[in-house]
Amino acid sequence: MNIIQDLADYLEQIAPLDLQESYDNSGLIIGNTNWIIKNVLVALDVTEPVIDEAIELGCNVIVSHHPLIFKGLKRISDQNHLDRGLIKAIKNDIAIYAIHTNYDNVLHGVNAMIAEKIGLENCSILDPKRKMLKKLYTFIPVAHYDKVSKAVFEAGAGHIGNYSETGFSSAGTGSFKGNEASNPAYGKKGMLEKVEEIKFETIFPANIERKVISALLKAHPYEEVAFDILSLDNAYSKVGSGMVGSLKKPMEEMAFLKMLKKVLGTGAVRYTPLRGKPVQKVAICGGAGRFLLNNAIAAGADVFVSADFKYHDFFDADNKIVVADVGHYESEQFTRDLLAKEIRQKFPIIAALISKVNTNPIKYL
Ligand SMILES: [Zn+2]
């Protein structure tokens, strides 16, 4: 049996809550972390029909991409669809968990599904985030160097691109004098002790700091472990907005747009003037992606596939790129499949069902 906290822990391992944007509200929105999970329904939006579907299918958890509650509520009445959904979910003991911009900001999230559907290869984050990495410096007595560095690496530190266990070490001498209450691993209390140590440095994603420090303290022989943590300004290639990749073979622009329409099942692709160039490099951003247009141009993408562009935004393509607005729902619809797959893999005894309700509020004539 699994409880909601187990599911939340797993989803936060895939897409840590720290990675969500400041305006977002990802995480457990309604529910009790100790509830035992019956079945899970995965949806893009939590609407009343989706809650009805959950009740019908015996699902007491809805995992949705878009959070049901975005901002503060002053009243909950029957006067709008959001409130009615909240009331219905609470009355029926249905938990609601949102995995939104934190899922947009990881390599294997929302954009990875779009990339897979349209056949992009060699994908990387279009706008990697800064200040997501930290550096650890610590000082280890020579005899314990292997054990301590291994523990820190096993906690998740030391990954750069395709490399693991990356670090740097330099030799030096550490000194300390313990007081009467101390119990030094080397030397005696009240005596100045000098020990041959290795200064060890490595990097880690900011969200695993607690894990890394706890592994360090556990493996290190000293009573008082000296260490420094520094925040880095480096861009972190594994976290950020949008994605850019290449098609296996170049395509003619109109053929590419038609492929988009078909693969994403959208009622219309709104696009900017074609440039008469083949399409090979493609930037994508599920949902509203106007803020990444300049990144897409700078990355040398031929087309930017996204949604929610306004009239004036289209002018900014400026013949430097072709913008293809495929619709918000259409660009993110496959997120459900990915989430359901992830949940099934981790919790094989739980049925993770994909909502059959089309929550797209936009219809095409
Ligand atoms: Zn969205």
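Residues numbered from 1 in each chain as written. Predicted model: local features only at pLDDT ≥ 70, side-chain atom pairs only at ≥ 80, totals over all residues. Heavy atoms only, no water.

**Q** Looking at this structure, how should I read the pattern of salt bridges?
**A** Any two side chains of opposite charge can pair, given that their charged atoms come close. In this structure the tally under the stated criterion is twelve salt bridges. Notably, a salt bridge pairs Lys 129 with Glu 21, separated by 2.9 Å at the nearest N-O pair. Of the two residues, Lys 129 is situated in strand β5 (residues 120–130) and Glu 21 in the loop between α1 (4–14) and β1 (27–30); the sequence distance between them amounts to 108 residues. Look at Glu 21 and you get partly exposed, because its relative accessible area is 22%. Lys 150 is the salt-bridge partner of Glu 154, the closest N and O atoms lying 3.3 Å from each other. Remark: Lys 150 and Glu 154 occur in helix α6 (residues 145–154); sequence separation between them is four residues, near one turn of the helix. Neither Glu 154 nor Lys 150 differs from the other in exposure class; each is exposed. Salt bridges sharing partners connect three or more residues here, namely Arg 290, Asp 313 and Asp 316. (Salt bridge = Lys/Arg side-chain N within 4 Å of Asp/Glu carboxyl O. Helix = DSSP H or I, 4+ residues; strand = E, 2+ residues; numbered from the N terminus. Buried < 20%, exposed > 50% of the residue type's maximum accessible area, 1.4 Å probe, protein only.)

**Q** Mind showing me how you'd approach the coordination of the zinc ion here?
**A** Reference values for coordination geometry: four tetrahedral donors around a metal ideally subtend 109.5 degrees, six octahedral donors ideally subtend 90 or 180 degrees. The protein atoms that coordinate the zinc ion are His 66 (NE2), His 328 (NE2), Glu 332 (OE) and Glu 332 (OE), at distances of 2.1 to 2.4 Å. Taken together, the four donor atoms surrounding the zinc ion define angles of 56 to 131° at the centre, an arrangement classified as irregular. Sequence spacing of the donor residues for the zinc ion, all on one chain, is H-x261-H-x3-E. Of the two residues, His 328 and Glu 332 are both situated in helix α11 (residues 328–332); the distance of four residues between them amounts to about one turn of the helix. Since its relative accessible area comes to 23%, His 328 is described here as partly exposed. (Donors = N, O, S within 2.8 Å, 3.2 Å for Na, K, Ca; no water. Tetrahedral: all angles 85-135°; square planar, octahedral: opposite > 155°, others 65-115°.)

**Q** Teacher, can you tell me more about the nonpolar core here?
**A** For soluble globular proteins, nonpolar side chains are generally found buried alongside one another. In this structure, Val 63 and Phe 256 are the most contacted members of the largest nonpolar core, which totals 54 residues. Broken down by element, this core gets its largest block of residues, six residues, from α1. Once you skip the residues sitting within four places of it in the chain, Phe 256 turns out to touch Ile 118, Leu 247, Met 251, Val 279, Val 282, Val 303 and Val 305. (Core = buried A, V, L, I, M, F, W, Y, C linked by side-chain atoms within 4.5 Å. Contact = heavy atoms within 4.5 Å.)

**Q** What is the right way to look at the sheet that holds β5 in this model?
**A** Backbone-to-backbone hydrogen bonds pair the strands of a sheet. The strands run either parallel or antiparallel. Spatially, the six strands line up as an open sheet ordered β5-β10-β12-β13-β14-β11, and their pairing is mixed. Looking at which strands have only one partner, the edges of the open sheet turn out to be β5 and β11 (270–271). Where β5 and strand β10 (residues 235–251) come together, eight bridges link them in antiparallel fashion. Bridged to Pro 128 within β10 is Gly 240. Running at roughly 140° to strand β12 (residues 279–288), helix α5 (residues 110–118) makes contact with β5, β10 and β12 of the sheet. Along the sheet, helix α8 (residues 253–264) makes contact with β10, β11, β12, β13 (303–307) and β14 (322–325), crossing β10 at roughly 120°. (Pairing = 2+ DSSP bridges. Axes fitted to C-alpha atoms, helices over the stretch in contact; angles between N-to-C directions.)

**Q** Where do I start with the state of the cysteines in this structure?
**A** Cysteine pairs can be linked by a disulfide, which is a covalent bond between their two sulfur atoms. Tallied over the entire structure, the rule returns zero disulfides. Here Cys 123 is not cross-linked by a disulfide; its sulfur's nearest cysteine counterpart is in Cys 285, at 14 Å. (Disulfide = S-S within 2.5 Å.)

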